[in-house]
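# Survey of secondary and tertiary structure
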Amino acid sequence: MTTLTGGPTTARPADRSARSLADAVFRAREISIAGALALLILGTWLANPRFLDGQGVKDLLLNASILVLLAVGQSVVVLTRNIDLSVGSVVGLSAFACGTFVSGTGHGVLVVMLLGIAIGVVCGLVSGALVGFGRVPALVVTLGMLYIIQGLDYWWAQGDQISATDVPRPILDLGSGGVLGVPYLPLITVVLLAGTAYYLRSYRSGRELYAIGSSPEAARLAGVPIRRRILAAYAFSGAVAGFAGALWLARFGTVVADDAHGWELTVVSAVVVGGVAITGGVGTVWGAALGALLLTTIGSALVVLRVDAFWQGAISGALLLAAISVDRIVNLRMTAALRKRSARHGHGA
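Throughout what follows, the structure given in this document is the object of discussion. Keep in mind it's a predicted model, so treat the numbers as computed, not measured. (Residues numbered from 1 in each chain as written. Predicted model: local features only at pLDDT ≥ 70, side-chain atom pairs only at ≥ 80, totals over all residues. Heavy atoms only, no water.)

Bringing the overall build of the chain into the picture now. Helix and strand counts for the chain come out as 13 helices and two strands. Counting over 349 residues, the chain shows a buried share of 48%. Here the analysis covers contacts within the chain between residues at least 6 apart in sequence; of these, 79% occur between residues at least 24 apart. Within the structure as shown, the chain displays about 16200 Å² of accessible surface, and the carbon and sulfur contribution to it stands at 66%. (Helix = DSSP H or I, 4+ residues; strand = E, 2+ residues; numbered from the N terminus. Buried < 20%, exposed > 50% of the residue type's maximum accessible area, 1.4 Å probe, protein only. Contact = heavy atoms within 4.5 Å. Areas by Shrake-Rupley, 256 points an atom, 1.4 Å probe, with all protein chains shown as cover.)

Most often, soluble globular proteins keep nonpolar side chains buried together rather than apart. L70 and V112 are the most contacted members of the largest nonpolar core, which totals 82 residues. Considering each element in turn, this core owes the most residues, 13 residues, to helix α10 (residues 226-252). Filtering out sequence-adjacent residues up to four positions away, V112 remains in contact with C98, V102, I171, A246 and L249. (Core = buried A, V, L, I, M, F, W, Y, C linked by side-chain atoms within 4.5 Å.)

Where charged atoms of side chains with opposite charge meet at close range, the side chains can pair. Taken as a whole, this structure holds four salt bridges when the rule is applied. Between R229 and E208 there is a salt bridge whose closest N-O contact spans 2.7 Å. Of this pair, R229 sits in helix α10 while E208 sits in helix α8 (residues 204-214), and the two are 21 residues apart along the sequence. With a relative accessible area of 19%, R229 lands in the buried category. (Salt bridge = Lys/Arg side-chain N within 4 Å of Asp/Glu carboxyl O.)

On to the packing of aromatic side chains, then. Within the structure shown, the criterion is met by five aromatic pairs. Ring centres of Y198 and Y203 lie 6.1 Å apart, and the angle between their planes is 80°; on these two criteria the pair is classed as edge-to-face. Seen in terms of ring centroids, W248 and F252 are 4.9 Å apart; in terms of plane orientation they differ by 50°. Their pairing is tilted. Separated by four residues within a single helix, W248 and F252 lie in helix α10, roughly one turn from each other. Residue W248 is classed as buried on the basis of its relative accessible area of 9%. In textbook terms, an aromatic cluster arises when at least three aromatic residues are bridged by ring pairs, as seen for Y198, Y199 and Y203. (Phe/Tyr/Trp six-rings, centres within 6.5 Å; stacked < 30°, edge-to-face > 60°.)

Here we take up helix α2 (residues 54-78). Look at α2: 35 Å from first C-alpha to last across 25 residues, which is about the 36 Å you get at 1.5 Å a residue. Counting buried positions along α2 yields 18 of 25 residues, so the element is predominantly enclosed. (Expected span 1.5 Å × (residues − 1).)

What follows is the structure in structure tokens.
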């Protein structure tokens, strides 16, 4: 059972009790992730002090930025009790399309960013329409979109790649430059993260996403436009993935057709590890961002400690299984606790 964390109707005492219990549990979950992240960074620094030198911190922030962005978009979809497995392929398509568009030209940063977002929105709208209005399972739709987009990208690329020497200097400067020593990409990520968190918490349509994930039937009876909200969630996830593809071009310069291949499961892992329940209705984008940062830091720490890269995937998978198991245990205990509270309220009535 997932717990309603925000909704369009006035909460009953039982609902408020459920929300307060869920908030406390998942706030503790986010704090524990932050603690694990701090211990990981400290342990790696003790083993290799260069891990936290100026360049090391900069590289860590840059490496985490795109994954955090994708985790934010994925969280909005997962909150509605759905999933988007096409985000990695959308990043690859957007990066290659943007690279092709600007190659050998003088196009500015804004045009490239808007192109990436537009490509992502189109992909998201297709998935959202099939899931929300066609009622096709999200897993089937987005897995199909993953293969369709990858096939389109490979057909378009024909084995070619975009070279950094063909990309306009202002775009590359966005990926490598910064202000007051802080790279642009993490700053962009934080702005989008904070804006999304504010929207989900402060706007009725944002809280309705939680309501849909908690109980689609209850949300429908409360008058929530479920189909439109799901469509909007997928469009947002696609827009973020397309934007991330444009930033990928700015970050790396050289782009090939299979960029971000396999990132889908990493993004889902980051979201679930960060406390966003895979069954919907519970979690925050801040937690998802912490999960993404934790996975990125694990990867960087393994490189610094010269551990086989295989273990990064193994650890990510173990964390995903552990997070899902914890969610299940927490949900069962919350159900039992709420039943006891309801029984006490009933006896006291």
